[in-house]
Amino acid sequence: MTRSVNFIEVGPRDGFQNVKQFIPTEEKLKVIDMLVDAGVKSIELGSFVHPKAIPQMKDIKEVVTRSLEKHGDKGLDFFALVPNLFGAKAAAEAGLKKIDTVISVSESHNKANINRTVEESLQGLEKIRQELPDMDILLSMATTFTCPFEGVTPIENVLRVIRRATEVGIHKFCLADTIGQADPKMVRDTIAVIKQVFPDEYLELHIHDTRNMGVACTLAGIEAGVPNVQAALGGLGGCPFAPGASGNVASEDLIYMFNAMGMDTNIDFDKLVAAAKYETTIIDGKFSSHQIYVDSPCV
């Protein structure tokens, strides 16, 4: 197993987007500043979506431009989610060199999430690739492991989406446990097949913590050969199509585990916890973090 982990923080997008009350722009920027100060190198800043769809993201352009102005010379990996070509162009105009877009592996979830078939989404992905040839694109594959409508996802569906995406020039993929129903064995088995069929593609892992297996599933993914893992500060997030589902794995829970296991993240745990605790003072949200309630962790 690798001794080094590439950690990706997605809280400013996947965590914030589920908060109903608008978070002031200055507060969002302060959280991002605290993440950078803690040593986080890769951050998803938000999403370029229509404000009617997700009002929380109505200030995304300002969040991106001001983050780039302040931290753009530090070699950080800033990116944002885009739903379509329009959003991708808006991200590029704001100065981003990297974007993330989502396609659900299951037809039912893709239709419910963005009202498109999987094939229509793949065609949209191809247009983004053609229009923005220099943009770094990460394809997040929702419902990689299970779907709220269809149950366990057949591995053939996952491979089909990866295959089609590589044909249009996409070579970075995030395997998303969208509703938090994966287990460690499922994660290991899925990654083993993907790496066997597509050994040269870059993979990330995005796990939700609905059944309190998020940390275990993330570790299983690392053990299976995917050292690139996403999480959200405080454990904010969730899936609107899975009633009762909790949010993402908490970033600070993962970093605590990695540090305890002697794995290298280059992230200051205490500063990360401070950022998570600060979040709880400005956001009325559903936090799944364990570390924000611990003042003196046992050693």
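Keep in mind that what you see is a predicted model, and the values were worked out from it rather than measured.

(A) Up close: the overall build of the protein. Within the protein, the secondary structure is distributed over 11 helices and 10 strands. Scaling as 2.2 N^0.38, a compact globule of 299 residues should have a C-alpha radius of gyration of about 19 Å, and the protein matches this with 18 Å. Long-range pairs, those at least 24 residues apart, make up 74% of the contacts in the protein with a sequence separation of at least 6. Here the protein has roughly 12700 Å² of accessible surface; of this, 51% comes from carbon and sulfur atoms. Between the centroid of the 30 positive side chains of the protein and the centroid of its 40 negative side chains there is a distance of 3 Å.

(B) A look at the packing of helix H10 (residues 251–260) against helix H11 (residues 269–282). Direction vectors running N to C along H10 and H11 enclose 165 degrees, while the axes themselves pass 9 Å from each other. In this view, H10 runs roughly antiparallel relative to H11, as classed from their interaxial angle. Remark: the crossing between H10 and H11 carries left-handed chirality. Facing H10, whose interface residues are Ser251, Glu252, Ile255, Tyr256 and Asn259, H11 presents Phe269, Leu272, Val273 and Ala276. Its residues placed into classes, the contact of H10 with H11 shows 6 nonpolar, 2 polar and 1 charged.

(C) How the structure looks around the packing of aromatic side chains. Overall, the coordinates contain 1 aromatic pair when judged by the stated rule. Above the ring of Phe79, the side-chain terminus of Lys98 is found at 4.6 Å from the ring centroid. Positioned above the aromatic ring of Tyr202 is the side chain of Lys172, whose terminal nitrogen or guanidinium carbon lies 5.6 Å from the ring centre.

(D) Representation of the side chain of Ser106. Looking at where Ser106 falls in the secondary structure, it is placed in the loop between strand E4 (98–104) and helix H5 (107–114). Classification of Ser106 by relative accessible area gives buried; the value is 2%. In this structure, Ser106 is in contact with Val118, Thr143, Cys147 and Glu150, ignoring residues within four places of it in sequence.

(E) The environment of Val158, seen in detail. Looking at the secondary structure, you find Val158 in helix H7 (residues 155–167). Placed 146 residues apart in sequence, Val158 and Pro12 show a C-alpha to C-alpha distance of 27 Å. Residue contacts for Val158: discarding those within four places in its chain leaves Val105, Met141, Thr144, Thr153 and Ile194.

(F) The arrangement of the state of the cysteines in detail. Applying the stated criterion across every chain yields a total of 0 disulfides. Of all cysteine sulfurs, the one in Cys174 lies closest to Cys217, which takes part in no disulfide; the gap is 14 Å. For Cys217, a relative accessible area of 0% translates into the label buried.

(G) Highlighting the side chain of Thr166. Within the secondary structure layout, Thr166 lies in helix H7. Looking at Thr166, its side chain comes within polar contact range of the main-chain oxygen of Arg163, at 2.7 Å. If we skip the residues at most four places from it in the chain, Thr166 touches His171, Phe173 and Glu201.

(H) Main features of the packing of helix H6 (residues 118–131) against H7. Put simply, H6 and H7 touch, their axes get as near as 10 Å, and they point 25 degrees apart. Classified by the angle their axes make, H6 and H7 are roughly parallel. Where H6 crosses over H7, the two elements pack in a sense that is right-handed. On H7, the residues touching Val118, Glu119, Leu122 and Leu125 of H6 are Arg160, Val161, Arg164 and Ala165. A per-class count over the contact of H6 with H7 returns 5 nonpolar, no polar and 3 charged.

(I) How the structure looks around the sheet that holds strand E10 (residues 228–231). As summarised here, the arrangement of the 8 strands in space is E1-E2-E3-E4-E5-E8-E9-E10, forming a closed barrel in which the pairing is parallel. Between one strand and the next, the sheet's axes are offset by a mean angle of 25 degrees, whatever the strand orientation. For strand E2 (residues 42–47) and strand E3 (residues 77–81), the ladder comprises 4 bridges, and the chain directions are parallel. Bridged to Glu44 within E3 is Phe79.

(J) Here's a closer look at unusual backbone geometry. For Thr143, which is not a glycine, the phi torsion comes out positive at approximately 55 degrees. Counting through the fold element by element, Thr143 comes out in the loop between strand E5 (136–142) and strand E6 (146–147). On the basis of relative accessible area, Thr143 is assigned to the buried category, the value being 0%. Positive phi values are uncommon outside glycine, yet Asn266 reaches one of about 60 degrees. Note on placement: Asn266 falls in the loop between H10 and H11.

(K) Fine view of helix H9 (residues 214–223). Counting buried residues along H9, 7 of its 10 residues qualify, which places the element largely inside the surrounding structure. Those residues of H9 that sit buried are Gly214, Cys217, Thr218, Leu219, Ala220, Gly221 and Ile222. Looking at the buried residues of H9, the elements they touch are helix H8 (184–197), strand E9 (202–207), E10 and H10. At the exit of H9 stands Gly225, carrying a positive phi of roughly 110 degrees.

What counts, and at which threshold
- Within any chain, residue numbers begin from 1 and follow the written order of that chain's sequence.
- Where local features are concerned, this predicted model is filtered to residues with pLDDT of at least 70; where side-chain atom pairs are given and counted, the filter is 80 or more; whole-chain, interface and lining totals use all residues.
- To get the side-chain values, take all heavy atoms of the structure and skip hydrogens and water.
- To qualify as a helix, a DSSP run of H or I must reach at least 4 residues; to qualify as a strand, a run of E must reach at least 2; elements of each kind are numbered from the N terminus.
- All radius of gyration figures rest on C-alpha atoms, and the globule criterion is 2.2 Å times the number of residues raised to 0.38.
- In this description, contact between two residues means that some pair of their heavy atoms is separated by no more than 4.5 Å.
- The Shrake-Rupley method, run with a 1.4 Å probe sphere, supplies the accessible areas, and residue values consider only the shown protein chains as cover.
- Within this scheme the basic residues Lys and Arg register as positive and the acidic residues Asp and Glu register as negative, but His and the chain ends are omitted.
- A charge is said to be at NZ when it belongs to Lys, at CZ for Arg, at CG for Asp and at CD for Glu.
- Convention adopted: a line fitted to C-alpha atoms gives each axis, helices being fitted over their contacting stretch, and angles between N-to-C directions are expressed from 0 to 180 degrees.
- Orientation labels follow simple angle bins: below 35 degrees gives roughly parallel, above 145 gives roughly antiparallel, 65 to 115 gives roughly perpendicular, and whatever is left gives oblique.
- Handedness of a crossing is defined here by the sense of rotation of the near helix relative to the far one, left-handed for an anticlockwise turn of less than a right angle and right-handed for a clockwise turn.
- In this classification, Asp, Glu, Lys and Arg are treated as charged, Ala, Val, Leu, Ile, Met, Phe, Trp, Tyr, Cys and Pro as nonpolar, and every other residue, Gly included, as polar.
- Between the rings of Phe, Tyr and Trp (Trp by its six-membered ring), a pair exists once the centres lie within 6.5 Å; its type follows the angle of the planes, with under 30 degrees stacked, over 60 edge-to-face, and the other angles tilted.
- Our definition puts a charge over a ring when NZ of Lys or CZ of Arg is within 6 Å of the ring centre and also within 35 degrees of the ring normal.
- Relative accessible area decides the class of each residue, using a 1.4 Å probe on protein chains only: under 20% of the type maximum gives buried, over 50% gives exposed, and in between gives partly exposed.
- Any two cysteine sulfur atoms within 2.5 Å of one another count as a disulfide.
- Residues adjacent in sequence count toward polar contacts only when both atoms are side-chain atoms; beyond that, a polar contact is any pair of N or O atoms within 3.5 Å, and within protein one must be able to donate a hydrogen and the other to accept it.
- A pair of strands counts as paired when DSSP detects no fewer than two bridges linking them.

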